[in-house]
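# A closer look at the structure
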Amino acid sequence: MNITDYNYPIGQPRGFFNGRVPLATPATFPSTYDIDFLRYLYFLCIKNAEGDYPIEINREEIDKAFQNEGSCKPRIKKILIGEAPPPTYLNYFYNPSPLRWNAGTGNPTVGQAWTSAIKNTMFPGIAFPDTISFLKACAQKGFLLLDLFPYNIIYSGRRTTVRYRNACISAFGGTSPYPHNIINTLTSIKCCLHEEISISFAMKSFGEIILNDASCVANITLWLAANGIILYPAGPINSPRLIPVKDSSKYLRVCGRRYLLAPCSILMGIAGI
């Protein structure tokens, strides 16, 4: 993602982010969040989730590696779409800091509901000595957390505004999509994708907006077919939940319950994460 694409939603008149997020400058972009994500992606798809975790590699080295598609491994099998990076950097899923981990319990430190939910889904009862061990295990499972929005802000009032709904549709890749959207991101990392993947949405607040939108469903359906990728569990992206779960979405691939601010481990497991 470049600075122009990053700023595009911020400059849209009457858009959800207009006035909420300051325009990025060369001095403020890219953020630390970006390089943490890219290092994980490099470890997963270039290093084949093997060896030492690349905590010092820079953006230029990563870009160069991905330009050689022959070195890219189709490792990604599980994609969870979240809303955005947390305002507190320490809680960012891809932050390799040892301060995020309680070595005594083998679990994330307090305040990391998302990381805890992901760990409990894929590694129930397993203790990890540190953050990097956990991230390496996630990569070995082919897991990727993608953010719908790149802005680490507090998303107050998101459930009630038309502007938020339109932003979600654009950020996924529906009508009038932002340049930096989920479908474009998937295209940019296509060499990393396994032929069978699970795609799930972490929260009801935006997952149902996206799956209720015909353009979002049509665009991802066409994209999957064009790239020879099938979904697991089998069925369309907007598959219904055959067995209702209290306070949960009507859609199988939406893994958040009403009132929860993090995904539900049980629902993630059902959705293939």
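Residues numbered from 1 in each chain as written. Predicted model: local features only at pLDDT ≥ 70, side-chain atom pairs only at ≥ 80, totals over all residues. Heavy atoms only, no water.

## Focus on the nonpolar core
One finds F17 and F149 to be the most contacted residues of the largest nonpolar core, which totals 91 residues. For this core, the element with the most residues is helix α2 (residues 32-45), which contributes ten residues. Residues contacting F149, with those up to four places away along its chain left out, are F17, E83, A84, P85, Y155, Y164, A167, C168 and A171. (Core = buried A, V, L, I, M, F, W, Y, C linked by side-chain atoms within 4.5 Å. Buried < 20%, exposed > 50% of the residue type's maximum accessible area, 1.4 Å probe, protein only. Helix = DSSP H or I, 4+ residues; strand = E, 2+ residues; numbered from the N terminus. Contact = heavy atoms within 4.5 Å.)

## Observations regarding the packing of aromatic side chains
Counting across every chain of the model gives 26 aromatic pairs. Through a chain of ring-to-ring contacts, the aromatic side chains of Y33, F37, Y40, Y89, Y92, F93, Y94, W101, F123, F128, F134 and F143 assemble into a single cluster. Seen from the ring of F16, R20 lies directly overhead, with NZ or CZ sitting 4.3 Å from the centre. (Phe/Tyr/Trp six-rings, centres within 6.5 Å; stacked < 30°, edge-to-face > 60°. Lys NZ or Arg CZ within 6 Å of the ring centre and 35° of its normal.)

## Considerations on helix α5 (residues 131-140)
Listed in full, the buried residues belonging to α5 are T131, F134, L135, A137, C138 and A139. Tucked inside the fold, the buried residues of α5 contact α2, β2 (101-102), α4 (113-122) and β4 (143-147). Looking one or two places after α5, you find G142, whose phi comes out positive at around 75 degrees.

## Some words on the pattern of salt bridges
Scanning all chains against the criterion turns up one salt bridge. Here E208 and K204 are joined by a salt bridge, their closest N and O atoms 3.4 Å apart. Taken as a pair, E208 and K204 lie in helix α8 (residues 204-211) at a separation of four residues, close to a single helical turn. Each member of the pair, E208 as well as K204, carries the same accessibility label: buried. (Salt bridge = Lys/Arg side-chain N within 4 Å of Asp/Glu carboxyl O.)

## Focus on the sheet that holds strand β1 (residues 76-82)
In spatial order, the strands read β4-β1-β5-β6; together these four strands make up an open sheet with parallel pairing. Because the sheet does not close on itself, it has two edges, and the strands there are β4 and β6 (230-231). In terms of strand pairing, β1 meets β4 through five bridges, oriented parallel. Considered in β4, the bridge of G82 is made with D147. Taken strand by strand, α2 contacts β1 and β4, and its axis lies near 150 degrees from that of β4. (Pairing = 2+ DSSP bridges. Axes fitted to C-alpha atoms, helices over the stretch in contact; angles between N-to-C directions.)

## So, the environment of L224
Inspection of the secondary structure assignment puts L224 in helix α9 (residues 214-226). Between the C-alpha atom of L224 and that of I237, which follows or precedes it by 13 residues, the distance is 9.8 Å. Setting aside residues no more than four positions away along its own chain, L224 makes contact with I199, I229 and L231.

## Points about the side chain of D34
Here D34 is to be found in helix α2. Setting aside chain neighbours within four positions, we find D34 in contact with M1, F29 and R59.

## A look at the environment of N91
If you trace the backbone, N91 turns up in the loop between β1 and β2. Note on N91: relative accessible area 23%, which makes it partly exposed. Side-chain polar atoms of N91 contact the backbone oxygen of G111, separated by 3.4 Å. (Polar contact = N/O pair within 3.5 Å; in protein donor to acceptor, adjacent residues only side chain to side chain.)

## So, α4
Along α4, the residues classified as buried are T115, A117, I118, K119, T121 and M122. Buried residues belonging to α4 abut β1, β2, β3 (107-108), α5, β4 and α10 (265-270).

## Brief notes about the state of the cysteines
Tallying each qualifying case throughout the model produces one disulfide. Disulfide pairing is shown between C72 and C191; the S-S distance is 2.3 Å. Here C72 and C191 share a disulfide; its torsion about the S-S bond, 80 degrees, makes the bridge right-handed. Within this pair, whereas C72 is found in the loop between α3 (59-67) and β1, its partner C191 is found in the loop between α7 (182-188) and β5 (193-201), the two being separated by 119 residues in sequence. Here C255 is not cross-linked by a disulfide; its sulfur's nearest cysteine counterpart is in C264, at 8.0 Å. We classify C255 as buried; its relative accessible area is 0%. (Disulfide = S-S within 2.5 Å.)

## Structural notes on unusual backbone geometry
Residue P233 is bonded to the preceding Y232 through a cis peptide linkage, with omega at -5 degrees. Positionally, P233 belongs in the loop between β6 and α10. A positive phi angle, close to 60 degrees, is found at N48, a residue other than glycine. Within the secondary structure, N48 sits in the loop between α2 and α3. Although it is not a glycine, A49 sits at a positive phi angle of roughly 60 degrees. Topologically, A49 is positioned in the loop between α2 and α3.

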